[in-house]
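Structural characterization, general
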Amino acid sequence: MYDAIVVGARCAGSPTAMLLARKGYNVLLVDKSSFPSDIMSTHYIHPPGVARLERWGLLDSVLETNAPLITKITSFMGEPPVAAPPPPPDAPPMKALCPRRTVLDKVLVDAAVEAGAELREGFSVKELTRDGERVTGIRGGDATEEAKIVIGADGMRSIVAKEVEAPEYNTIPTLSYGYYAYWSNVPLEGAELYMLSGNGILAFPTNDEMSCVAVGGRIDDFHEFRKDIEGNYMKILERAGDLGERVKAGKRETKFVGTADQPNFFRKPYGPGWALVGDAGYHRDFGTGLGITDAFRDLELLVEAIDLAFSGKRPIDEAMADYEAKRNEIAMPLYEFTTSLARMEEMPQPDLFVSFGEALQAMMPEGAGV
Ligand SMILES: Cc1cc2nc3c(=O)[nH]c(=O)nc-3n(C[C@H](O)[C@H](O)[C@H](O)COP(=O)(O)OP(=O)(O)OC[C@H]3O[C@@H](n4cnc5c(N)ncnc54)[C@H](O)[C@@H]3O)c2cc1C
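Parameters and conventions
Residues numbered from 1 in each chain as written. Predicted model: local features only at pLDDT ≥ 70, side-chain atom pairs only at ≥ 80, totals over all residues. Heavy atoms only, no water. Near = heavy atom within 4 Å. Polar contact = N/O pair within 3.5 Å; in protein donor to acceptor, adjacent residues only side chain to side chain. Areas by Shrake-Rupley, 256 points an atom, 1.4 Å probe, with all protein chains shown as cover. Nonpolar A, V, L, I, M, F, W, Y, C, P; charged D, E, K, R; others polar. Pairing = 2+ DSSP bridges. Helix = DSSP H or I, 4+ residues; strand = E, 2+ residues; numbered from the N terminus. Buried < 20%, exposed > 50% of the residue type's maximum accessible area, 1.4 Å probe, protein only. Domains from an automatic or database assignment. Contact = heavy atoms within 4.5 Å. Buried area = accessible area lost by both parts, 1.4 Å probe.

**Some thoughts on the site of the ligand**
Taken together, the neighbourhood of the ligand is formed by 33 residues, with Asp31, Ser41, Thr42, Asp279 and Ile292 sitting nearest. Contact distances for the ligand include 2.9 Å between an oxygen atom and a side-chain N or O atom of Arg101. Computed on the free molecule, the ligand has an accessible area of 1000 Å², of which 92% lies beneath the protein chains in the complex. The residue makeup of the shell around the ligand, split by class, is 14 nonpolar, twelve polar and seven charged.

Now the structure itself:
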């Protein structure tokens, strides 16, 4: 019998397992994938996420993968693009990152194992076991494993959430589509973000001196976009100042990857014997690149709640209710910003970026600046 079973070993699951194991809990971490492996996702990590990697002692390992530290992000609006005002000169230096998921997730999994979590790769959870209403474990293949709590860190289509019928709220159906590819020889000035009429662009420097360049558009335009992915991708880039020229002068190193399945929702993240974290518990459009940073923030709250409950300091329902309340309070302004941006109905006003910056600041661990 484990203290905790964590289903899903990427950016939500592995650090959850790591932090619980570091507190002395007996943790099983399972994933149907094995590592290193990729997943459909660009991978910008905002400063509050990088600050958490640093606090967990993992920032150096991520930097050693050759993911460049990003110290500048510029948001451009309109056509021709006009840059949003830069941060005030007395603002603390910015530390963001965009490590490939192949390397980020591997660093996280390894850290969980090093902390003492037992890892089972290639383990696909098919169902949960129960004693009455209470979840008692997982079943997959021939194996059944039991724990005091089963944590679903298994992404937006979470089997844990599905099995426990976790209530969903604040739901907004998919608002946008997104496609990205990796390019060599495309110089970028830190991270570049463009808001055009009906489209958006994210361009990030990543590992191996490559640039990850993503475009997005309104969901209603998806079928038109899909008719010629490369042609339409380039047409959007051409509307972003000289970015189109820079990309054309580079070399595309990967195929285009994309999705039009980006629902927005919160789920109740706990119940008898179970909890949810990461995309399994809260999912938003990818346009603000918040999924990883959100997961890092929320999993710390979850681990704190479980520790308080398991050490007898607080009744579990009270500790978990607090986890949900804190998650929602911090996430809500960012959720509103993200979904309003994803509608791409009107050009955002510069003061919206100020509020976004403030909401990010509220996500920083105590004592750190954005
Ligand atoms: C196109 C796109 C671009 C994005 N860009 C960014 C960005 O720039 N920055 C950012 O922060 N976020 C971005 N995101 C969002 C980000 O990818 C997610 O928020 C993040 O991956 C969530 O992490 P997670 O650990 O919760 O879930 P996931 O990364 O989805 O991991 C879930 C894991 O659970 C495992 N699993 C699922 N079911 C089972 C099962 N039954 N049994 C065992 N294992 C199971 C899966 O194999 C997987 O490894 C983007 C997403 C998309 C789609």
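**Concerning the sheet that holds strand E9 (residues 168-172)**
Within the open sheet, the three strands sit side by side as E9-E16-E19. Their pairing is antiparallel. Edge strands, defined here as strands with exactly one partner in the open sheet, are E9 and strand E19 (282-283). Examined bridge by bridge, E9 and strand E16 (residues 264-267) share three bridges and lie antiparallel to one another. Residue pairing in the sheet places Glu168 in a bridge with Arg267 of E16.

**A short note on the pairing of strand E11 (residues 191-196)**
A large share of E11 lies buried, amounting to six of its six residues. Residue alternation in E11 divides its side chains into two sets, Ala191, Leu193 and Met195 and Glu192, Tyr194 and Leu196, and both sets are buried. Relative to E11, strand E3 (residues 73-77) runs parallel, the two being bridged by five bridges. Residue Ile73 lies in a different strand from E11, and its bridge partner there is Ala191. Where E11 folds back onto strand E12 (residues 199-206) in an antiparallel hairpin, the turn is made up of two residues, including Gly198, whose phi is positive at roughly 80°.

**Some points on the domain arrangement of the chain**
Each assigned domain of the chain is listed here: domain 1 (2-65 + 100-173 + 262-362) and domain 2 (176-259). A straight line from the C-alpha centre of domain 1 to that of domain 2 covers 28 Å. Listed per partner, the contact involves 21 residues of domain 1 and 26 residues of domain 2. Summed over both partners, the interface of domain 1 with domain 2 buries about 1800 Å², with 65% contributed by carbon and sulfur atoms. Looking only at domain 1, the three residues that lose the most surface to domain 2 are Met40, Arg100 and Met344, adding up to 34% of its buried area.

**Brief notes about the side chain of Thr288**
Topologically, Thr288 is positioned in the loop between E19 and helix H9 (291-310). In this structure Thr288 comes out as buried when scored by relative accessible area, which is 8%. In this structure the side chain of Thr288 is engaged in a polar contact, spanning 2.7 Å, whose partner is the side chain of Thr338.

**Topic: unusual backbone geometry**
Of note, the bond from Phe35 into Pro36 is cis; its omega dihedral lies within 30 degrees of zero at 5°. Locating Pro36 in the fold gives a position in the loop between strand E2 (27-31) and helix H2 (47-55). In the segment running from Glu79 into Pro80, the intervening peptide bond is cis, with an omega of 0°. Structurally, Pro80 can be placed in the loop between E3 and strand E4 (82-83). One non-glycine residue with positive phi stands out, namely Met344, at about 50°. Here Met344 lies in the loop between helix H10 (316-343) and helix H11 (350-362). Judged by relative accessible area, Met344 falls into the buried class, the value being 13%.

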